[in-house]
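# Notes for the structure review
Now for the letters of each chain:
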Amino acid sequence: MCTCIAMRKGNFLFGRNMDIERSFGEMVVAVPRAFKMPYKLVRGSERRYAMMGMATVQEGVPLFAEAFNERGLCIASLRFEGNAHYFPMQRDGVYNLAPYEVIPFLLERCETVLQAVCLLRQTRIVALPFSPSLPLAPLHFILADAQNTFVAEPRSDGLHLYENRAGVLTNNPPFPYQMQRLSDYMHLSVRQPRNTFSAELPLRPYALGMGAMGLPGDASSCSRFVRAAFLLHNSKKGEGAAHLFHILSSAAVVRGSVITASGEEEYTRYSCVIDPNEGAYFYRTYDDLSVRCVRFSETEPEGTQLKEYLLG
């Protein structure tokens, strides 16, 4: 479970809630331009952009949950249980990528979403785990920059690419159904409702906020999608990173409110907001709501070694 939002109210911002039952060794990781990502089936780019985001580092390799590069392109992966499909064999003439390679492959060589989409049209995601101890995670992806947002979903009939005008992605079901469900709530409004129930009854609102009655409040991915989209498209402009944190909070999962099939508690371990204009990665954790920040200006973009920042 996760919620991701691309916000263009004032400066472009990109944020996500990481909803998961346990730590995956997450830390903020900065990748300099000269770092060579060891891809399994493709060659890395000769010219690489620096990138930064939340990742676990395994055998010296960053496995990103979400990240952005110095040109302002942002990408996140979210669980896509039961729908994601990876091909068992590579194919000639395309980029054959393992799921965990998608984010760094695109960020090291693309400046914009449209450039990344062009590469994805030539990409085949193959069933190659990082190692035997790290099984494949079923994923789909959201890509965003200051102009565009797209969703990439690997299915059994290939990689589907969708323009995402809602600016939101959660988990299942596939993205087209999530967008269709928004029509179920097209009557909602931030304004007070009018009485259309009956002209014969003198009905009137008895509290503020009744125009949005029916907005779903549960933690399911469909409900989080609708709730985040409603707040994103009706919120005030120009509020910055703090405002996006508020929208993310509306879709956050409280510890103990969702129990997995294995009996574990799934909750929002961290929330982050990326401000590409400032080159800044803001984050806060479930147990500490203080917002911390790592900036590209603090890293060494010309270096060859990863720079790791433990969560405070």
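Above this text sits the structure in question.
Notes on the structure in this doc start here. (Residues numbered from 1 in each chain as written. Predicted model: local features only at pLDDT ≥ 70, side-chain atom pairs only at ≥ 80, totals over all residues. Heavy atoms only, no water.)

## What to know about the pattern of salt bridges
The line we're drawing: For salt bridges, the criterion is a side-chain nitrogen of Lys or Arg within 4 Å of an Asp or Glu carboxyl oxygen. Helix numbers and strand numbers start at the N terminus; a helix is a DSSP run of H or I with at least 4 residues, a strand a run of E with at least 2. To sort residues, take the accessible area from a 1.4 Å probe on protein chains only and compare it with the maximum for the residue type: under 20% means buried, over 50% means exposed, and anything in between is partly exposed.
Evaluated as defined, the whole model comprises 13 salt bridges. Here Arg-22 ties to Glu-264 by a salt bridge, and the two come within 2.4 Å at their closest N and O atoms. One end of the pair, Arg-22, is in the loop between β2 (12-20) and β3 (27-31); the other, Glu-264, is in the loop between α5 (240-250) and β13 (267-275), with 242 residues separating them in the sequence. On the basis of relative accessible area, Arg-22 is assigned to the partly exposed category, the value being 44%. Residue Asp-287 pairs with Arg-255 through a salt bridge whose shortest N-O separation is 3.6 Å. Of this pair, Asp-287 sits in the loop between β14 (280-285) and β15 (288-295) while Arg-255 sits in the loop between α5 and β13, and the two are 32 residues apart along the sequence.

## Some points on the packing of aromatic side chains
Spelled out, the test is: Two aromatic rings, drawn from Phe, Tyr or Trp (for Trp, its six-membered ring), form a pair once their centres lie within 6.5 Å of each other, and the interplanar angle then sorts them: stacked below 30 degrees, edge-to-face above 60, tilted otherwise.
Summed over all chains, the structure comprises eight aromatic pairs. With a centroid separation of 5.3 Å and an interplanar angle of 80°, the aromatic rings of Tyr-100 and Phe-130 are classed as edge-to-face. With Tyr-100 in the loop between β7 (95-97) and α1 (102-107) and Phe-130 in the loop between β8 (123-125) and β9 (139-144), this pair connects stretches of sequence that are 30 residues apart. Aromatic side chains Phe-175 and Phe-225 sit 6.3 Å apart centroid to centroid with 70° between the ring planes, which places their arrangement in the edge-to-face category. Taken together, the residues span a long stretch of sequence, with Phe-175 in helix α3 (residues 175-181) and Phe-225 in helix α4 (residues 221-234) at a distance of 50 residues.

## Points about the nonpolar core
As a reminder, the rule being used: Here, the term nonpolar core denotes a set of buried Ala, Val, Leu, Ile, Met, Phe, Trp, Tyr and Cys residues that are joined through side-chain atoms within 4.5 Å.
Of all hydrophobic cores here, the largest spans 47 residues; its most connected members are Ile-5, Phe-14, Val-28, Met-52, Leu-244, Val-273 and Tyr-281. Counting 39 residues, the second largest nonpolar core, distinct from the first, contains Leu-63, Leu-73, Phe-105 and Ile-125.

## Describing the sheet that holds strand β12 (residues 168-169)
Applicable threshold: Pairs of strands are assigned from DSSP output, requiring at least two bridges between the strands.
With respect to topology, six strands assemble into an open sheet ordered β12-β1-β2-β13-β14-β15, the strand pairing being antiparallel. Each edge of the open sheet carries a strand with a single partner, namely β12 and β15. Strand direction decides the pairing type here: β2 and β13, joined by seven bridges, are antiparallel. The residue bridging Gly-15 from the neighbouring strand is Val-273, located in β13.

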